[in-house]
Amino acid sequence: MSINSIVANNLCTGCGVCISEDKSHQAKMVWNNEGFLVPSLGQNSTQDKMIKVCPFALQQKNEDELGLMFLQQPENQYHDKIGYYYELYAGYSKEFRETSSSGGIATYIFKTLLENKLVDNLFIVKEVDGQYAYQFFSNVKEITQISKTRYTPVTLEKLFQEISEIDGTVAVSGVACFVKAIRLKQIYNPELKEKIKFVVGIICGGLKSKYYTDYLAQEAGCQSEYSHAQYRVKNEQSYALDYKFSCEEKLTKRIHMVEMRSLGDMWGTGLFKSNACDFCDDVVTELADISLGDAWIDPYDKSGLGNSIVITRTEIAENLIRNGLDKKHLNLDKLNKEKLLLSQNGSFNHRHKGLLYRVEHAIKSGKNFPIKRQRYLTKQNIFFNFIQKSRLKTRQNSLEIWLETRDNLDFKMKMKPYFEDLKFFTIWNHRVNKLKKILLGKSV
């Protein structure tokens, strides 16, 4: 397996860590035609070195093996879907909730890490000239500048190119595949375990193409160049899912907005999503020091201000949370495992229950795929598999049709048959599951 074959099989999520292993220094991250960042290699790029840190390489260490190496501690518990962890919480930061996308816990963690000198620098996604990219950051007074969710491709390429020149230690944030790549890099470069002192894991529903933002901008009424995209403009008087997308038209400086709930399901349909995400079985960023995501469960999803789920996985992470609770900076409830799993139920259903179908589909199509954990490869009913088949078509066609149309209205018209098929199979799958529950209830 090579980096070129990873890219050719659409298994790259653009983490960019492989670039740092190219001894020829010829590789760089570029945009592909589907709106994702991927590595472009030089004639002398050392792919044998680069593939070692790729999270989607075919024979890569899995999250269980890496968790054992990085997170197993005497105080830790283990769950086969959650990974190693200290404690589970849901709630918010009193200081940063209003200025953040969900509960503001990530911003609180970053601020506390800097203020308490636990790290000297952050490497996080930050707005630069109206666009988003990973940047080194150490100014605690400007911490609110990094407190928003961004659904646009970014890359860690810069991290390992510049980290040796950065004084002091670093905390990094990232989605599951990015965090896995960081851990792989630390295996082959043990000095980076001390340099990268803390990793914040962002629970991810799937990486989106840059065309996703273009589509949202048009839906908001902006038909020209834009900047300052905001993906989670809250409605404090409503519930958590009732939020807007906004952007600023460059020419007129006018702000355009659209209610996201008016656009339908942008996540369950797989619109504009990376193919590689369909082969990720790490739902809750198992390899981070702390994992953070939206609390999509009652009663936390009833608040328009947002709440976060929190999974502490190391002693330093648990101490940060406990200190925040002791000082009344955080408002958090402890969760049991069942509640935590329910908060990400949709993602578990898709990533785990649908995994066997996608693996078998890849085999039939002659495509490569990474070796996945066997316990997630389980057979499902025929209607559930039809959902997976339909979702694969919807995901791929959303990218192809957007490239063809570049127009939100034409796009929606041409995507309509795929949405209808997906809806049909989803309804029948719900009916089958409901009937099973009824029959099981009668047999007890």
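Residues numbered from 1 in each chain as written. Predicted model: local features only at pLDDT ≥ 70, side-chain atom pairs only at ≥ 80, totals over all residues. Heavy atoms only, no water.

Participant: Which residues make up the overall build of the protein, and what values do they have?
Facilitator: Secondary structure summary: the protein contains 14 helices and 15 strands in total. For 444 residues, the compact-globule estimate of 2.2 N^0.38 gives 22 Å, and the protein sits close to it at 21 Å. Overall, the protein is about 55 × 55 × 55 Å in size when its C-alpha atoms are taken along their principal axes. Counting across all 444 residues of the protein, residues that qualify as buried make up 56%. For the protein, the share of sequence-separated contacts (at least 6 apart) that also reach a separation of at least 24 residues comes to 72%. Where the 62 positive side-chain charges of the protein centre and where its 52 negative ones centre are 5 Å apart. (Helix = DSSP H or I, 4+ residues; strand = E, 2+ residues; numbered from the N terminus. Rg over C-alpha atoms; globule rule 2.2 N^0.38 Å. Buried < 20%, exposed > 50% of the residue type's maximum accessible area, 1.4 Å probe, protein only. Contact = heavy atoms within 4.5 Å. Lys, Arg positive; Asp, Glu negative; His and termini not counted. Charge placed at Lys NZ, Arg CZ, Asp CG, Glu CD.)

Participant: I'd love a proper account of the nonpolar core, names of residues and values included.
Facilitator: The tendency in soluble globular proteins is for nonpolar side chains to be buried as a group. Counting residues in each nonpolar core, the largest one holds 85 residues, and the members touching the most others are Leu156, Leu159, Phe178, Leu216, Phe245 and Phe272. Among the elements that make up this core, the one with the highest residue count is helix H6 (residues 176-188) (seven residues). Contacts of Phe178, omitting those with residues within four sequence positions, involve Thr13, Gly14, Cys15, Tyr134, Val154, Thr155, Leu156 and Leu207. Among the nonpolar cores identified, the runner-up in size contains 25 residues, and Ile109, Leu113, Leu292 and Val310 belong to it. (Core = buried A, V, L, I, M, F, W, Y, C linked by side-chain atoms within 4.5 Å.)

Participant: Can you tell me about the pairing of strand E14 (residues 308-312), naming the residues and giving the values?
Facilitator: Counting buried residues along E14, five of its five residues qualify, which places the element largely inside the surrounding structure. Side chains Ser308, Val310 and Thr312 of E14 all project onto a buried face; the interleaved residues Ile309 and Ile311 project onto the opposite face, where all are buried too. In this sheet, E14 lies alongside strand E5 (residues 87-93) in antiparallel orientation, the contact comprising five bridges. When the bridges of E14 are listed, Gly91 appears paired with Ser308. Looking at chain direction, strand E13 (residues 290-294) and E14 are connected through five bridges and run antiparallel. Directly across from Gly293, in E14, lies its bridge partner Ile309. (Pairing = 2+ DSSP bridges.)

Participant: Any details on the layout of surface pockets? Residues and values, ideally.
Facilitator: Its boundaries defined by the atoms lining it, the second largest pocket holds a volume of some 440 Å³. The wall of the second largest pocket is formed by 23 residues, among which Trp31, Gln131, Tyr132, Thr152 and Pro153 lie closest to the centre. Secondary-structure elements contributing two or more residues to the lining of the second largest pocket are strand E1 (28-31), strand E7 (131-137), helix H5 (157-162), helix H8 (210-219) and strand E10 (226-234). By residue class, the composition of the lining of the second largest pocket is 12 nonpolar, seven polar and four charged. (1 Å grid on protein atoms, 1.4 Å probe; cavity = no way out; pocket = protein on both sides within 12 Å on 5 of 7 lines; lining within 4 Å. Points joined across faces, edges and corners; volume = space filled by probe spheres on them. Nonpolar A, V, L, I, M, F, W, Y, C, P; charged D, E, K, R; others polar.)

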